[in-house]
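# Chain and residue survey
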Amino acid sequence: MKDLKHLYEFENLLQEANNALVQEAKAQGKLALGYTCYHVPEVLLNCPGCFSVRLRAPRTGSLDIATYYMSNFLCGYSKALLERAIEGGYNFLDALLGSETCSEMNRALEHFELLHLVDNPNFFVSFMDVPFKIEPHTVKHYVKQAKDKIIHPLSEKYNVDFSDEALLKAVAEHNEVCRLMTEIGSYRKEENPRITGYEYHVLNLITYCCPKSLILDKLRETAEELKTREPDEKKNYRAKIVVVGSEMDDPEFTKLIEESGALVVADRFCFGSIPGREEIHIDPNEDILTQICKHYMVTSQCPRYMSHEKVQERRDTVRRLVKEYHADGVLYEQIKFCEYWGYERALASHIMNDEYGVPSASVDRQYTASSSGQLRTRVQAFVESLEIKKIAKAREANVHAQG
Amino acid sequence: MLKDKLKKLKNIKIEPDKIKAYAVDMFGKPAGLGDLYREHTALLKHREWRGAGDTLYDYYRWLVNWKDMIAMVGKAPVSCVKGLMRYRWFASYLSAPAFVDRHVMGLRGPQLRMAHLHYNMIVKHTTKLIGISMRADERFHPGNKLSKKIVLMDEIVPNEVFTGFPNLIPIPLQTLPIFLASMVDQQITPPYLEVTESYGVPADVCPLPSGEAGVAIEDDYPKIGCCMISTNMPCDGSIMNTSFLDRRLQLPSHVFGVPLRYNDEDVQEYGVEEIKSLIAYVEEQTGEKFDWDAFFSKMRDYNEQLDYELQKWDVNKTDYPQMTGACFWLYRIFYFNLSGGSNKRFLKVDKKVNKIMMQAYEKKTPVSKVMRHRAVVWSCPANYYTSFANWLENCWGINVVMDMETMISYLEISADDKEQALRDLARTYQRSIMRKHTKGGYRNVVDELWRIVEEYHVDTVIMYDQISCKGMDGLNGIFDDQARERNVHFIWVKQDLMDPRTISRRDMRDQVNKYMQTVLQEEPVDPTLLDFEDDLAW
């Protein structure tokens, strides 16, 4: 396939948290607001005068200092953020909006405060208390938290405008990004997709890590470009898979999976687009902030949600994605030491295989793809098993047809 | 045969340094305790000699514990025998008297009496729970009515709110099969952990929820109850094992969410709503109405117990602490979580213990033979070595005057105002076991430690490094940095909560030994306890 025009530029932008577009927005006088978790409503951080940066630690190397502070037994993502922060890699931030949603990330973000890691006198860290189920009183609580932990401190410290007009403006911009990403992502449903999982992963990460106003033009152009893009005639994959699991902000993982023979057609992982790139529908007759908050609660697929309906919904979503994207199987991945996905992947992959009849494999991995050699072997084995299943299925169908 | 035995007796040589130890022992002070252990199993060769009065008292209490256990079987012999055959964990409770013995080693006088009163209450309440569970088990008695009266709850949900349902029986689901069983018998958890790991859950998750999931996968929970209350407490792992438990139980269930950022006022309304929603759910499932009078009456007992608890703390702040070791926290978590004011016997025990304690304090009775260091134990203790604090005391003269688990909620609950009571309950639940310090921000565990170090005049911190606890691991460096600034003896003790295969009891002791011998260059109070094998012990 012909290369996407902006892909190289996007890949370069992903090499730094404080990338060229972040610097450009900062130079325009905008506030850089860091966050890590889906439970922090992204759109609130994109009100006029601000832009959100979902924190990554690209090109992570040694984690020695972070290991001293947080031991060997915590996830690589949280430690990589701490290490990068100690190196001064997030000095561009004006605030860090956290949530006590997983212990490991919570501890990592606390170090920003404890060790005064951001060289900015106005910098602050706040933590939301996020509920575990969706009921009227938990929605109310979540909205209150958004006000107390995001809106009020940002208004007081930086005079950020969170009026209804400002919120609607942020939602409009967010929705345009989502529409474009949905349009681009829908090509992955094709029999022979005109976009690879890796390319989509890069584009999607850009939408999380760069100021939206500065990438919209390029996204529009990419969407246009894709309308006429022709896929290679000969398929360069042996099976299509849905990837489900914990935080994955290194597109090299998707590349590694695709080099192993699988095409990633749906990204149902943290930092992926499902959920994350759904439009927020606003009813003008209802409270806007409540609707925004509810959107994030309803769309969240985080295993932290405990109620029966949410647990069931997570499994049904994966099954739906397999069907919708014509996938052959599901790869459950877990960043090592992530408690949530450690349990979720074990049980869900059993259920997929044994009860839903969807082939699945379950793997753990490091934060960066460079240290995940074993993953390649696991994916190759999974792809082979999917091929064997396909052959067996075809044979069975033949036998039935003949007999 | 007889000749052989006589020959063996003649060949026994008593080493000179041991003669002294035995001589001291004869006068009743603890010494040579390590010589009482058999190799590997750490079974006692004979009971500890504590002087005539204390030895007799100790033996009498040993008999009382057996009496309580036999009485439980006597009430439902068939159910108990079936339970023994059906559930792997059941047999672990046969070693309960040995569990008590481990925790009273070296104790004398008032300390021995207080500890025995507390441990016997633990035995009594546990036998009650086991008895009910077996009689209500639908595997043994299909369709029985008792089971329908049982509301299962996650073990971390404290019992206080259920005192408003006097006709129902709240049973903490995981307590008997795994949490308590692992304290009594260190060998019981590994098989369940292996089951979970074979299922695909990584071995690096916290072994408590992992073991609980293992019991579910193995189908080893009693088949009881009409509904289940699960919760987000205490940590990420226990949130996640809920789906394993739900899948096995197949009961209607309710998620009871407790706010995490509990120091913030803005979470309190949500906390109260969750209590109300829990009450409404139980009412709906069982047809019972919340009885405020019953609740208030029990909360009066709860508050009185709390008052006795705070007196223990006050005494321990002085130069003459009276209750050290594991008894302090074990009893505390037991009555806070499992009774929550519901069992009046706890209050009676508290009254008795308080009387003994205050008399001993007035007489300035030393709490142990030697008290070289006042210590606080921080982070979650290892279930497989709950008597570690007793070993610290007997071997090194390190007396634990306060610990993290004891410092759970100490807020009173209103016994006459409904709205206030709900607010108090919400705040109390936010500060329950294993989550008061690990949730809500680092201040709750870091700053809180230094406050206690100061208040209790502590010179040593025994810092458990529970290697799978993500909430605590995430602050390792900060603890180290701040300990250096404060110049306290900060002794890291690695452990794996429920899994003695990773870090054994002996390994735990070794870490303290090394610090005491190399950094502090001290000699042990009882050298026979310095190193012994107990890998095959209960």
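About the criteria used
Residues numbered from 1 in each chain as written. Chains lettered and ligands numbered in written order. Predicted model: local features only at pLDDT ≥ 70, side-chain atom pairs only at ≥ 80, totals over all residues. Heavy atoms only, no water. Buried < 20%, exposed > 50% of the residue type's maximum accessible area, 1.4 Å probe, protein only. Helix = DSSP H or I, 4+ residues; strand = E, 2+ residues; numbered from the N terminus. Contact = heavy atoms within 4.5 Å. Patch = residues over 30% accessible without salt bridge, like charges linked within 9 Å, V, L, I, M, F, W, Y side chains within 5 Å. Areas by Shrake-Rupley, 256 points an atom, 1.4 Å probe, with all protein chains shown as cover. Salt bridge = Lys/Arg side-chain N within 4 Å of Asp/Glu carboxyl O. Lys, Arg positive; Asp, Glu negative; His and termini not counted. Charge placed at Lys NZ, Arg CZ, Asp CG, Glu CD. pLDDT = per-residue confidence, 0-100. Expected span 1.5 Å × (residues − 1). Pairing = 2+ DSSP bridges. Axes fitted to C-alpha atoms, helices over the stretch in contact; angles between N-to-C directions. Buried area = accessible area lost by both parts, 1.4 Å probe. Polar contact = N/O pair within 3.5 Å; in protein donor to acceptor, adjacent residues only side chain to side chain. Nonpolar A, V, L, I, M, F, W, Y, C, P; charged D, E, K, R; others polar. 1 Å grid on protein atoms, 1.4 Å probe; cavity = no way out; pocket = protein on both sides within 12 Å on 5 of 7 lines; lining within 4 Å. Points joined across faces, edges and corners; volume = space filled by probe spheres on them.

## Examining helix α16 (residues 388-396) of chain B
Residue and element names in this part refer to chain B. By the criterion of burial, α16 is predominantly enclosed, with 9 of the 9 residues buried. Buried within α16 we find Phe388, Ala389, Asn390, Trp391, Leu392, Glu393, Asn394, Cys395 and Trp396. Looking at the buried positions of α16, the neighbouring elements they touch are α5 (96-104), β5 (373-378), β6 (398-403), β7 (460-466), β8 (489-495) and α21 (505-519). Positive backbone phi, approximately 70°, marks Gly397, located one or two places after α16.

## Here's the deal with a positive patch on the surface
Residues and elements named next belong to chain B. A contiguous patch of positive charge on the surface is contributed by Lys75, Lys128, Arg135, Arg345, Lys348 and Lys352. Elements with a contribution of two residues or more to the positive patch: α6 (109-136) and α15 (344-362). Broken down by element, the residue count for the positive patch peaks at 3 residues, all from α15.

## Description of the confidence of the model for chain B
Per-residue confidence for chain B gives a mean pLDDT of 93, with 95% of residues at or over 70. Under a pLDDT of 50 for its full length, residues 19-26 of chain B has, in the predicted model, 11 contacts with residues more than four places off or in other chains.

## Things to note about helix α12 (residues 268-286) of chain B
Taking 1.5 Å as the rise per residue, α12(B) with 19 residues should run 27 Å; its terminal C-alpha atoms sit 27 Å apart, in good agreement. All buried positions along α12(B) are accounted for by B:Gln268, B:Tyr270, B:Gly271, B:Val272, B:Glu274, B:Ile275, B:Ser277, B:Leu278, B:Ile279, B:Tyr281, B:Val282 and B:Glu283. On its buried face, α12(B) is in contact with α6 (136-158) of chain A together with β1 (150-153), β3 (227-231), β4 (253-256) and α17 (418-430) of chain B. Following α12(B) by one or two positions, B:Gly287 adopts a phi angle in the positive range, close to 80°.

## Remarks on the sheet that holds strand β4 (residues 124-128) of chain A
Residues and elements named next belong to chain A. An order of β2-β1-β3-β4 is seen for the 4 strands of this open sheet, with the pairing classed as parallel. Of all strands in the sheet, those bounded by a partner on one side alone are β2 (50-54) and β4. Here the average twist between neighbouring strands, direction ignored, is 25°. Alignment of strand β1 (residues 31-35) against strand β3 (residues 95-99), held across 3 bridges, turns out to be parallel. Across the sheet, residue Tyr35 finds its bridge partner in β3, namely Leu97. Seen against the sheet, helix α5 (residues 103-114) touches β3 and β4 and runs at an angle of roughly 150° to β4.

## Re the interface of chain B and chain A
In this complex, chain B contributes 60 residues to the contact, which on the side of chain A involves 54 residues. Across the chain B to chain A interface the summed buried area is about 4800 Å²; carbon plus sulfur atoms make up 57%. Linking chain B to chain A there are 9 salt bridges. Note that B:Glu274 is salt-bridged to A:Lys133, the shortest N-O span being 3.0 Å. One can count 31 residue pairs in polar contact (both at pLDDT 80 or more) joining chain B with chain A. Along the lines of polarity and charge, the residues of the side of chain B that touches chain A split into 21 nonpolar, 22 polar and 17 charged.

## What to know about the pairing of β2(A)
Burial analysis of β2(A) places 5 of its 5 residues in the buried class, the great majority of the element. Of the two faces of β2(A), the one carrying A:Cys50, A:Ser52 and A:Arg54 and the one carrying A:Phe51 and A:Val53 are both buried.

## A word on empty space enclosed by the protein
It is the rolling of a water-molecule-sized probe over the atoms that shows where space remains empty. Residue and element names in this part refer to chain A. By the definition in use, this model includes 19 cavities of 30 Å³ or more. Reported here for the largest cavity is a volume of approximately 510 Å³. The set of elements that each furnish at least two residues to the lining of the largest cavity consists of α5, β6 (262-269) and α13 (339-354). By residue class, the composition of the lining of the largest cavity is 18 nonpolar, 9 polar and 6 charged.

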